[in-house]
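Fold and contact review
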Amino acid sequence: MGEASNAAGESIRLDDVHLEVASAAGRVNILRGIDLTVGTGERIAVVGPSGSGKSTMMMVIGGLEAPTSGAVTVAGHDLARMGEDALARFRRAHVGIVFQNFHLVPTMTALENVAVPLELARRGDAFEAAAAALESVGLGHRLSHYPAQLSGGEQQRCALARAFAPEPTIVLADEPTGNLDVETGEQIIALMFDLARRRGTTFVLITHDRSLARRCDRIVRLVDGRIIDADAPAETAADRAAAE
Amino acid sequence: MSATVLAWARRELRTGLKGFGIFLACLVIGVGAIATVTSLKSGIDASLRDDGRAILGGDLEARLALRPASEAEIASMARLGTVSAIARARGMVEAANDRIGRVEVQAVDDTYPLYGELRLETGLALDDAIAEVDGRHGAVVAPSLLDQLDIAIGDTIALGEETLQVRDVIAFEPDAASQGLLAGARVIVSHAAFEETGLIQPGSLIYWHYRLRLSDGDASAAMTALNQANPEAGWRLRDYTEAAPQVQRVIDRLGVFMVLVGLTALLVGGLGVGNAVRAFIEGRLATIATLKCLGATGATIFALYLVQIGVLALLGVVAGLALGAILMIAGSGLLSGVLPLEISVGIYPGALTLAAVFGALTALAFSLWPLSLARQLKASTLFRAAVMPPGGRPRAADLVAIGAIAALLAGLAIATADRPDFAAWFVAGAIGAFVVFRLIAEGLIRLIKRLPRPRRPDLRLALSSLSRPGTPTPMILLSLGIGLTVLVAIALIEGNMSRQVDQVRPADAPDVFLIDIQRDQEQRLREIVAETPGVEDLVMVPSLRGQITAFNGIPARQAIVAPEEDWVISGDRGVTYEAQPALDRYTIIAGEWWPADYDGPPLISIYEDIARAFGAEIGDRLTVNILGRDIEAEIASIRDIEWQNGTVNFTMVFSPNPLAAAPHTSMATVRTTTQGDALFERAIYDAFPNVTTIRVRDILASVEELLGQLSAAIRVVAAVTLVAGTLVLGGAMAAGHKRRTYDAVIFKVLGAARWDVVRAFLVEYGLLGLLAAAIAAVIGTAAAWGVITFVMEADWYWLAWPIASTLAIALLITLTLGMVGTWRALGTKAAPLLRNE
């Protein structure tokens, strides 16, 4: 696990990243030379049509998928040089992930779900910190509930608490409101942006929702595995403040 | 990390054992089968060991055929300890109501039994019961004789020339297991009464047993001393460690078979365990991927599920051991009715430990593959619409671990078996079957991928399901195939055992044997046969007993070159002499018969097994002890004998001159009709009370009863394997259920009618079932052939019906299970599933 040089203020850096997968019909190029830099504390939205490579790019950033070629440096780590277990430890220390389908562990309570990454990090106060995280997302009264006993919005709030509890430097969110109604989705987004802002977290958001994308500092547009626009202007600060 | 893993495992297990029913059931059946078999074997061994002296009737026994021991021989025995003499003979008895019955007479002295206790139903002492009272000797008899003759205690029976009073019924005979199959009901009398019967005639087939309670207890030293003092005694000496060789042989053979069955149950159970773990892991894929996204390493995931599987395996093993202990008690009760000994019921820690180790290793070996694949599950699958079951192979280190555990399991099975060669064949066969089914599954998948896609959507769905990425085809084919193989093998073994009964008696076999015919009775016997309607084909030959003592002057035991044939020297064998073969029943394979008027030095014709035992050739010399005299004869011919045809035959036939002058009796066979049977028996009894008639039908009934009990045991085994096989199948189906539900929902949404979906699944499982059945028929037949030929040492018959019916039933079960699963899948509401996906 090589500790690459960490350019000042850079949280994520992708250099000419390609990713091909084999299929019955031959090789498919999913990412075709991605160059992307995300500053520390920066919030970017990734948009693009389905199949454009958004989720794959996020997986590459999270160390869940290895690129075929190119360099990936995240939180100062050169991911290409890290093994499967080293990548797991890297995620544990630096990355929080929020899914469209929440992906809570059904056999664990809300408190236990949020405690998982803290336990993995061997935090002695895992359950206290988890309880505090749930309290901060308004689920202080649902600690001992199982996922099946929570509403969709509550499940996603629980997932947010789990992603933010270890205080990661980077949070990756894949369509986090895709499974929620508009009102609940609004609440979740507000909460997520608030958490990211308060903790100075670098935030990568995949979304199809343009209005949601505009709340970020920058919009990255992907088409057919290529970034066609990495610096699309987001809203003005005033608009953003109003939105938040 | 370990504390975290344990805490997570506890959290997951907290939700209960749902979905682990098949896992636990398979393990309980496998461990239970091994625990029962090994415990029963331990119990029987313990009985034979602990009660060996009671079963033999002494520390050691010298058995003589046809003659009692000489005074010098008795004196040499008496110098070593207390001697108890008993005589055993077959005879006929007649009740006052004119009914007659066959008996096995045992004459005993007042020291009988030296060990153990003979119990009588009314509690009388044996000495009192058989004593002479008011000029009449007493007898105690087996309960069956009272029914057979319709008499009661206090009535009289005539045995030879003596009338005996039945004074009591035998409740338990300690030395019953030392004798083989009885041809009649046991009657115990005193020596004085036995002498009065007139059954003791020169050459009568009477066995004299001399049992010793040794002063210093060293049986092997005593045997050496006895042989040195009486080199020409021609007796068979054995000590308490080999008290019941015939029972031991049956137990050993049955034990080998039962252990193979136990291992089969464990193997099939192991498959079920593997399927259950796979299904469990499939249900946890999202959780595993989530934990990986949260930073859990592959090792953490592996440990988390290994701990859970371990806890459940422990539960299954403990339950299996408890089941084994209970079945051991039940089984020993059942077997005590079949075997002539009381099985020591108890907990045998060695047997249970072995079963536990087998169970734990099996659970581990079959769980590691799916656990290893879980470790490799890519966290990125969470970002895809459906989390696919992990495919491919475990990583190299895990494959090595699986191989090492499998090797340990195989090694343990072979090392702990009474017959390591059979266990090794079993292991090789199991591995071979696994490889064959796996290769054929892979071949099938490749073939289907190359086939053009059919136009019909149901066929297309069926074929694509069989060959899609992550298809359960190999797993289902393996589970189904191994299950069917076991069922085919069991059905064929059962069918063969039943067939043995039919083959026991060929059409031209004699119906009645007569033994102990005195020479002055031979002419009258011929007349009776001629006079009695329905009786024909009399064959009469001299009958003696002899024991091989030397070959070319070398003591027999040292001269043996083929140890597997050493039974030829283990005791006395039937011997006769003949100038010319009475019938064309001898098949000479080497040498030639002596001339009809041959009067030179002794010649002998021997059975080919004897020749093989010593590596004998024509012209070699064989020494046989007959009536205490060693007779050395030159081997003139070697014969093959078809024992199955039921005619009288002898392993050794002498030329007439050395034996014609020796005191001996003859034996004869006749063929009778049912009516002639009763008339003949009566006529013989009236003319010769000393001659015993033995009806082949009665012997066959005993053999049939024994084989019937064996068949019952095999049917129980078949039931166990059927349950295990069905569980495995159920597990395989459960493992694919999630996929089937998803497919069914999608097809329903697309407008497919229920029947369209059902048809697709029927084609899929029908194809798998037919393929598995065809392979199982071949492998199962080979396995059954091996068991029948080498374990049971019986003749093999290829039977089409058991194969066809077993496969048909098994296919029906498969399709029914598939249908039930599919119907359940079709009942799933589409909305929740689609929303979650």
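All values derive from a computational prediction rather than experimental measurement.

1. Focus on the overall build of chain B
Scanning chain B for helices and strands turns up 24 helices and 22 strands. Contacts spanning at least 24 positions in sequence make up 85% of the contacts within chain B whose residues lie at least 6 apart.

2. Brief notes about the overall build of chain A
Across its full length, chain A holds eight helices and 10 strands. Across the 244 residues of chain A, 47% fall into the buried class. Considering only residue pairs separated by 6 or more positions, chain A has 70% of its internal contacts joining residues 24 or more positions apart.

3. Structural notes on the nonpolar core
Judged by nonpolar contacts, the single largest core of 310 residues is most densely connected at A:Ala130, A:Leu134, B:Cys26 and B:Val187. A total of 20 residues in this core trace back to one element, the largest contributor, which is helix α9 (residues 245-283) of chain B. In contact with A:Leu134, other than residues within four places in its own chain, are A:Ala110, A:Leu111, A:Val114, A:Leu139, A:Gly140, A:Leu143, A:Cys158 and A:Ala161.

4. Some details on the interface of chain B and chain A
The interface of chain B with chain A comprises 20 residues on the first partner and 23 residues on the second. At the level of elements, α1 (2-13), α10 (285-293) and α11 (298-338) of chain B are the ones that each hand at least two residues to the side of chain B that touches chain A. Broken down by element, the residue count for the side of chain B that touches chain A peaks at six residues, all from α10(B). For the side of chain B that touches chain A, the class distribution of residues is nine nonpolar, eight polar and three charged.

5. Some remarks on helix α20 (residues 674-687) of chain B
Compared with an ideal rise of 1.5 Å per residue, which puts 14 residues at 20 Å, α20(B) spans 20 Å between its outermost C-alpha atoms and is within 8% of the ideal. Contacts made by the buried residues of α20(B) are with β12 (512-517), α17 (522-531), β13 (535-551), β21 (665-672) and β22 (692-695) of chain B.

6. As for the environment of B:Ala616
Residues and elements named next belong to chain B. Position of Ala616 among the secondary structure elements: in the loop between α19 (608-614) and β18 (621-626). Considering only alpha carbons, one finds Ala616 and Ile635, 19 residues apart in sequence, at a separation of 8.3 Å. Those residues in contact with Ala616 that sit more than four places away from it in its chain are Phe551, Ile610, Ala611 and Ile635.

7. A few points about the packing of helix α4 (residues 126-136) of chain A against helix α5 (residues 152-164) of chain A
Residues and elements named next belong to chain A. Two elements in contact, α4 and α5, have axes separated by 9 Å at closest approach and are oriented at 130 degrees. The angle between the axes of α4 and α5 places the two elements in the oblique class. The chirality of how α4 crosses α5 is right-handed. Between α4 and α5, the residues in contact are Ala133, Leu134 and Ser136 and Cys158, Ala161 and Phe164, respectively. Tallied by class, residues from the contact of α4 with α5 come to five nonpolar, one polar and no charged.

About the thresholds
Residues numbered from 1 in each chain as written. Chains lettered and ligands numbered in written order. Predicted model: local features only at pLDDT ≥ 70, side-chain atom pairs only at ≥ 80, totals over all residues. Helix = DSSP H or I, 4+ residues; strand = E, 2+ residues; numbered from the N terminus. Contact = placed C-beta atoms within 7 Å. Buried ≥ 20, exposed ≤ 12 C-beta atoms within 10 Å, placed from the backbone. Core = buried A, V, L, I, M, F, W, Y, C linked by C-beta atoms within 7 Å. Nonpolar A, V, L, I, M, F, W, Y, C, P; charged D, E, K, R; others polar. Expected span 1.5 Å × (residues − 1). Axes fitted to C-alpha atoms, helices over the stretch in contact; angles between N-to-C directions. Parallel < 35°, antiparallel > 145°, perpendicular 65-115°, else oblique. Left-handed = near helix turned anticlockwise from the far one by under 90°.

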